[in-house]
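Reading the structure
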Amino acid sequence: MRVPLNTALAEPNIDYSAPDIVPRLSAENLPQLPPGVVRPKFALGSLATGIVHLGCGSFHRAHQALATQHAIAATGDPRWGIASVAMSRPDVVTALRAQDNLYTTLLNDGGRVRAEVVGTITEAVHAPSDPIGVARRIADPRVRVVTLTVTTDGYCVSPVTGRLDTGCDRVVRDLRRRARPQTPIGMVVAGLAEVRRRGGIPPVLISCDNLSANGHQLRSAVIDFAALTDDRLADWIARNVRFPCSVVDRIVQPGTAADAAVARNWLGGIDDRTPVSAEPFLTWTIEDFDGERPHWEAAGAQFVGDVTDHELAKLRLLNGTHMLLAYLGALAGYPTIAQAAADPALAALARQFMLCEQAPTLALSGAELRSTVDELVRRFRNPAIRHDMTRVGRNGSDKLLPRVVAAMSDNVAARRPTPAAVLLIAAWIRWFDVARTDDAVMRLIDTRADALAGPAAEADPHRRAELFLARTDIFGAVPDLERVQREVGDALAELGRDSVPEVVRRRLLPEFEGRTR
Ligand code: CS2
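Residues numbered from 1 in each chain as written. Predicted model: local features only at pLDDT ≥ 70, side-chain atom pairs only at ≥ 80, totals over all residues. Heavy atoms only, no water.

1. Focus: the overall build of the protein
Scanning the protein for helices and strands turns up 22 helices and twelve strands. Taking 517 residues into account, the globule formula puts the C-alpha radius of gyration at 24 Å, and the protein, at 23 Å, falls close to it. Its C-alpha atoms put the protein at 60 × 55 × 45 Å along the principal axes. Here the protein holds 517 residues, and the buried ones make up 56% of them. Look at the contacts in the protein between residues 6 or more apart in sequence, and 79% of them connect residues 24 or more apart. Accessible surface computed for the protein: about 20,500 Å², of which carbon and sulfur atoms make up 50%. Of note, the protein has its 61 positive side-chain charges centred 2 Å away from the centre of its 61 negative side-chain charges. (Helix = DSSP H or I, 4+ residues; strand = E, 2+ residues; numbered from the N terminus. Rg over C-alpha atoms; globule rule 2.2 N^0.38 Å. Buried < 20%, exposed > 50% of the residue type's maximum accessible area, 1.4 Å probe, protein only. Contact = heavy atoms within 4.5 Å. Areas by Shrake-Rupley, 256 points an atom, 1.4 Å probe, with all protein chains shown as cover. Lys, Arg positive; Asp, Glu negative; His and termini not counted. Charge placed at Lys NZ, Arg CZ, Asp CG, Glu CD.)

Set out below in structure tokens:
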């Protein structure tokens, strides 16, 4: 099948290095912004830094940093400014610094826009230029909370064992040069070591990444890393540091040149090089913990005893279905989730996948499930969010197990059919070929791309499916493996021969076939 060239992919990025022609957003011009723009309800200079955040990406800026702004506005508690750390690229840091760390969030439901300037970032830090500085900030006694959005890959944890992958090159490198850590885990351990040395009270560490039991995985990674250097430090962390799990939800796209133009309009001609665009929907469910923190409830966060049910529902319904739309949608030539979700066959399969394959593995009542699925279909289709396939599809080998394969394995064990999960896996495998074509709408970025080059080169679809599915580091222990391998092989053969809508339609149950809304 030939993948059509889709020029809509070319959504230009913001040119961070362009010279300033119009004034940049700043503390000085904040009071002059048009009245329609929501502004921080506190004096910018009054905030102390009480939070260190690792991963100053668009998700953090549209979620935790904005939620913290609302928490400060509700209580007037000025202790919760954020030192926000970019883990790799310097662009955002440079742009934020040139704007007194201010930026605009554009919340767009596909019709109305709410523009709000966020002022909670007290400092933007570029980790590679200042690795020791990050640990020093984590150890600052005023810092009571460390949050992380470093993506699954940033934890260096095996998706199967949930423990630190001690063979990972970055971990090996950090262990060799402990004074200058480059991984988030190495930085956290260096910061905690300093707190312990000083006899201080450690901050609470909250993972905001889409991992199962993210707090437990972060705790394992940090303790395993510490144990490789100092058993007593590992023991101290195990006894004194809290790692509550948290489940975050908001669909965010990194600011594009188009967003910068929208922001400039809202800001009355003032330039913002770091706007973020997102849907209005936001949830944040955090495992209750003792310790000082912003009053995030004011921004809609909820604190619960156990986040497990929320997490499984979020990972399997939203993130799992995102993967289905990304791999199959991109094979059909759609460059964004919204475009894939507007395709009748793909939308019907997405619904069937959520209701018939993911839902039986979740603790949701029928009514909750139906309203969640309806809302998700609407959210996926939000035309204002150009959620790009490469972002959603990257590092599939880390994300498949918690989002798709765990539920599929439960279903296989319970003898429930899994046609959508099988097709999703086949579509992912197919990307290892298709991504190499010039007009592919998704690039394949995967931490295991090198290791999978051999299986991906296998010409026979059934043999290829066997080789991929035999990788227990990606798929865990799939019950009835031979049958699943055969089904994935069949789906791969079909995807190589027929159009995506044809292959999808063949798997639709009668009650989903006519369901396009
Ligand atoms: C997406 C998420 O890229 C991805 O893996 O599925 O970023 C998704 O948009 C968020 O989790 C929504 O809360």
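2. Some thoughts on the site of the ligand
Around the ligand there are 14 residues in total, and Asn210, Asp249, Lys314, His322 and Arg403 lie nearest to it. Arginine 250 places a polar main-chain atom, nitrogen or oxygen, 3.0 Å from an oxygen atom of the ligand. Between the ligand and histidine 387, the relevant distance is 3.4 Å, taken from an oxygen atom to a side-chain nitrogen or oxygen of the residue. Elements with a minimum of two residues in the shell around the ligand: strand 8 (246-249), helix 10 (308-331), helix 14 (389-393) and helix 15 (396-413). When residues of the shell around the ligand are assigned to their parent elements, the largest contribution, four residues, is made by helix 10. (Near = heavy atom within 4 Å. Polar contact = N/O pair within 3.5 Å; in protein donor to acceptor, adjacent residues only side chain to side chain.)

3. With respect to the sheet that holds strand 2 (residues 81-86)
Read across the sheet, five strands follow the order 5-2-1-6-7 without closing on themselves; strand pairing throughout is parallel. Single-partner strands in this sheet number two, and they are strand 5 (121-126) and strand 7 (204-207). Looking at each pair of strands side by side, their axes are set apart by 20° on average, direction ignored. Inspection of the sheet shows strand 1 (residues 49-54) paired to strand 2 by five bridges, in the parallel sense. Each bridged residue has a counterpart across the sheet, and for histidine 53 the counterpart in strand 2 is serine 84. (Pairing = 2+ DSSP bridges. Axes fitted to C-alpha atoms, helices over the stretch in contact; angles between N-to-C directions.)

4. Re the domain arrangement of the protein
Taken domain by domain, the protein comprises domain 1 (30-304) and domain 2 (308-512). Domain 1 and domain 2 are separated by 29 Å when their C-alpha centres are compared. Counting from both sides, the interface comprises 32 residues of domain 1 and, opposite them, 31 residues of domain 2. Both faces combined, the contact of domain 1 with domain 2 buries some 2,300 Å², and carbon together with sulfur accounts for 56% of it. Looking only at domain 1, the three residues that lose the most surface to domain 2 are Pro159, Asn210 and Ile251, adding up to 25% of its buried area. Across the contact surface, domain 1 and domain 2 share three salt bridges. In this structure, arginine 386 engages aspartate 259 in a salt bridge whose closest nitrogen and oxygen atoms are separated by 3.5 Å. Taken together, domain 1 and domain 2 are joined by twelve residue pairs in polar contact (both at pLDDT 80 or more). Only strand 8, strand 9 (252-254), helix 9 (257-266), strand 10 (276-278) and strand 12 (301-304) provide two or more residues apiece to the side of domain 1 that touches domain 2. (Domains from an automatic or database assignment. Buried area = accessible area lost by both parts, 1.4 Å probe. Salt bridge = Lys/Arg side-chain N within 4 Å of Asp/Glu carboxyl O.)

5. With respect to the layout of surface pockets
Here the second largest pocket is characterised by a volume of approximately 460 Å³. Along the walls of the second largest pocket sit 22 residues, with Asp249, Thr283, His310, Ala313 and Thr372 positioned nearest its centre. Taken together, the residues that form the lining of the second largest pocket break down as nine nonpolar, seven polar and six charged. For the lining of the second largest pocket, the domains that each give at least three residues are domain 1 (30-304) and domain 2 (308-512). (1 Å grid on protein atoms, 1.4 Å probe; cavity = no way out; pocket = protein on both sides within 12 Å on 5 of 7 lines; lining within 4 Å. Points joined across faces, edges and corners; volume = space filled by probe spheres on them. Nonpolar A, V, L, I, M, F, W, Y, C, P; charged D, E, K, R; others polar.)

6. Regarding helix 12 (residues 344-358)
For helix 12, spanning 15 residues, the distance from its first C-alpha to its last is 20 Å, which sits close to the expected 21 Å at 1.5 Å a residue. Taking burial as the measure, the 15 residues of helix 12 include twelve buried ones, the bulk of the element. Put simply, aspartate 343 is the residue that caps the front of helix 12, since its side-chain oxygen is 2.9 Å from the backbone nitrogen of alanine 345. (Expected span 1.5 Å × (residues − 1).)

7. Re the sheet that holds strand 10
A sheet is described by the order of its strands in space; here four strands give the open sequence 4-3-10-9, paired in mixed fashion. Every other strand in the sheet has two partners, leaving strand 4 (113-118) and strand 9 as the edge strands with one partner each. The sheet shows a mean angle of 25° between the axes of neighbouring strands, direction not considered. In the sheet, strand 3 (residues 103-108) pairs with strand 10 via three bridges, with the strands oriented parallel. Bridge pairing in strand 10 places leucine 107 opposite alanine 278. On the sheet, helix 2 (residues 64-75) packs against strand 3 and strand 4 and is oriented at approximately 80° with respect to strand 4. On the sheet, helix 9 packs against strand 3, strand 4, strand 9 and strand 10 and is oriented at approximately 100° with respect to strand 3.

8. Considering the packing of aromatic side chains
Tallying each qualifying case throughout the model produces six aromatic pairs. Taking 4.5 Å as the distance between ring centres and 45° as the angle between the ring planes, the aromatic pair formed by tryptophan 284 and tryptophan 296 counts as tilted. One end of the pair, tryptophan 284, is in strand 11 (residues 283-287); the other, tryptophan 296, is in the loop between strand 11 and strand 12, and twelve residues separate them in sequence. Across this residue pair, the class does not change: tryptophan 284 and tryptophan 296 are buried. A connected cluster of aromatic rings, assembled from ring pairs, spans Trp428, Phe432, Phe468 and Phe475. Here arginine 293 stacks its cationic end above the ring of phenylalanine 303, 3.6 Å away from the centre of that ring. Seen from the ring of phenylalanine 281, arginine 379 lies directly overhead, with NZ or CZ sitting 3.7 Å from the centre. (Phe/Tyr/Trp six-rings, centres within 6.5 Å; stacked < 30°, edge-to-face > 60°. Lys NZ or Arg CZ within 6 Å of the ring centre and 35° of its normal.)

9. Some thoughts on the environment of aspartate 480
Secondary-structure assignment places aspartate 480 in the loop between helix 19 (472-475) and helix 20 (481-497). When its relative accessible area of 41% is taken as the criterion, aspartate 480 is described as partly exposed. In this structure, the C-alpha to C-alpha distance between aspartate 480 and serine 409, residues 71 residues apart in sequence, is 8.8 Å.

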